[in-house]
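Structure at a glance
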2 protein chains.
Amino acid sequence: MVATSCFAEQLTRHVPLSDAEKTALTKLEENPRKIKRGAMIQRANEPITELFVLREGRVMSFVILPDGSRQILRVYFPGDFIGSASTIYSRAPESLVALSDAVVCPFDKHALRRLLEEHPRVAALLFLLSNAERVSMTDRLASLGRTSAKARVAAFLLDMFHRLRVTDDNIKDSFELKLTQEEIGDSIGLTSVHVNRMIRQMEQEGLISRSNGRITLLDVERLEDIGHYTNRHKDMDLDWLPAS
Amino acid sequence: MVATSCFAEQLTRHVPLSDAEKTALTKLEENPRKIKRGAMIQRANEPITELFVLREGRVMSFVILPDGSRQILRVYFPGDFIGSASTIYSRAPESLVALSDAVVCPFDKHALRRLLEEHPRVAALLFLLSNAERVSMTDRLASLGRTSAKARVAAFLLDMFHRLRVTDDNIKDSFELKLTQEEIGDSIGLTSVHVNRMIRQMEQEGLISRSNGRITLLDVERLEDIGHYTNRHKDMDLDWLPAS
DNA sequence: CGACGAATTGAGCGGCATCAATACTTGTGG
DNA sequence: CCACAAGTATTGATGCCGCTCAATTCGTCG
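Residues numbered from 1 in each chain as written. Chains lettered and ligands numbered in written order. Predicted model: local features only at pLDDT ≥ 70, side-chain atom pairs only at ≥ 80, totals over all residues. Heavy atoms only, no water.

1. Comments concerning the interface of chain B and chain A
Facing the 58 residues of chain B at the interface are 58 residues of chain A. With both chains or domains summed, chain B and chain A bury close to 5,700 Å², and 66% of this area falls on carbon and sulfur atoms. On the chain B side of the contact with chain A, B:Arg134, B:Arg146 and B:Trp240 bury the most area, a combined 16% of that side's loss. The interface formed by chain B and chain A contains 8 salt bridges. (Contact = heavy atoms within 4.5 Å. Buried area = accessible area lost by both parts, 1.4 Å probe. Salt bridge = Lys/Arg side-chain N within 4 Å of Asp/Glu carboxyl O.)

See the structure below:
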């Protein structure tokens, strides 16, 4: 097999794709670009016409508020479709920075247009995945709006854990977070100091353990309880989609 | 003109539609259903296969956490497309309740499938609008995660204001919120008590004024500053979409 | 007029922020 | 391979924003 499309691979986890569709998706990834850890891929408020497929590494999207504080909006993993905001806005609503060395595949939004025109079923699928991301956002909204610091940390860890598991079957109960405590805090609306206290507390309570950057979830059930977490990946149902 | 489609009308604000497309969209609204204020349209965790177009009134989506607290996820206005989560999940991730007497047009997700198959351009458009809603969610995420109570109230009022203005040209500087202070609080992660204090304070500072349920924004510019609000409606750009 | 939900106001408290100091880790150049 | 620098983690002390509890007042609808 030649250069598989990372993105097609992601999509086929949900719905089988035709060869033509796979080929079209692979075309989006014709221009891989290596990105150094910490490098900015897109800067908020600057004009944009590009979208990305993330092939390797991790990327985050965030905004900086006028007082200098940062809200991390989402952490992206390989196979994710990044920067879909540029489909509607002429200026980037959010910044994109690589959390680790990464490989992204940029493509012009006109390439997306062609894809949508020629492969309506892919268009429908993108619509659905966009909805899934929206639901994921609402979960975080409820977490930030209505739960305690400890609950947010628990929910955040579980979210990362389950999202990583979707593409990586090796993960059993531990994973590399690759985020500083400050970054965790900026994701869930806390200071790094308080994130530290919460993590430390959860460690003492035997909920998690750490070594190097690796986090092990020792009691997923109790964590889900503390974080009011619901795993949405389970009851996805895309069978009603147009057949290929 | 016969029964215009509320939804088609909303879409044409962004991109011109062909007659065939309009007709197809109108079909989604063939079964209007009247809903009483406070009535539940969809209950979280129950099986769903229906989506809705909101034709009249206001509807909110929300979740209830195990401790009984509520997070309101979004307030919907006429012309909005509701319940798109049911395109991916077999069980509703969120509840839907009418905030006022309302008219919704339910349709089966298989009707949506047919629409997506037969009108790929509409599929693309739905994808884009879903992205817009996602961006709107990220704005609220930053608001909840990183701003003060006062800032959240300001941002919330501005958001309602600008969204209402999209469809109602009569609105100049005042509007009917039709939400209790408790509901505002549940939207932005505050208690009704504190929402009251903030509103009251903003009133004293001459930022807003109230009479009955009507809110008047006296100093939009300063409100935008306080709320760190950015009006996204301005720089939408959908011109690159497939031509009809 | 009575009743119930919503708004308003006060008192007191607690969770998380802020500020600050110290340890640890990692990468870099000599 | 060591030494330093810079970033990250950890811990303590203190303070404030927004929550909780509670008591009126206001508004609206039957």
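Now that the structure is up, let's keep going.
2. A word on the domain arrangement of chain A
All names here are of chain A. The domain boundaries assigned to chain A delineate domain 1 (6-135) and domain 2 (148-226). Taking only C-alpha atoms, the centre of domain 1 and the centre of domain 2 are 25 Å apart. At the interface, 13 residues of domain 1 touch 15 residues of domain 2. Carbon and sulfur atoms supply 49% of the area that domain 1 and domain 2 bury against each other, a total of about 1,300 Å² over both sides. Looking only at domain 1, the three residues that lose the most surface to domain 2 are Arg58, Arg70 and Phe77, adding up to 41% of its buried area. One salt bridge in this structure joins arginine 70 and aspartate 186, with 2.7 Å as the shortest N-O distance. Across the contact surface, domain 1 and domain 2 share 9 residue pairs in polar contact (both at pLDDT 80 or more). (Domains from an automatic or database assignment. Polar contact = N/O pair within 3.5 Å; in protein donor to acceptor, adjacent residues only side chain to side chain.)

3. Looking at the protein's contact with DNA strand C
Around DNA strand C there are 15 residues in total, and A:Ala149, A:Thr191, B:Gln181, B:Asn196 and B:Arg200 lie nearest to it. For DNA strand C, the fraction of protein-proximal atoms (within 4 Å) that sit in sugar or phosphate groups is 77%. Within the side chain of A:Thr191, a nitrogen or oxygen atom sits 2.9 Å from a phosphate oxygen of DNA strand C. In this structure, a phosphate oxygen belonging to DNA strand C sits 2.4 Å away from a side-chain N or O atom of B:Asn196. Listing elements by their share of the surface near DNA strand C, those giving two or more residues are helix H7 (192-204) of chain A together with helix H7 (192-204) of chain B. Here the surface near DNA strand C gets 4 residues from one element, more than from any other, and that element is H7(B). Considering only residue class, the surface near DNA strand C consists of 4 nonpolar, 7 polar and 4 charged. (Near = heavy atom within 4 Å. Helix = DSSP H or I, 4+ residues; strand = E, 2+ residues; numbered from the N terminus. Nonpolar A, V, L, I, M, F, W, Y, C, P; charged D, E, K, R; others polar.)

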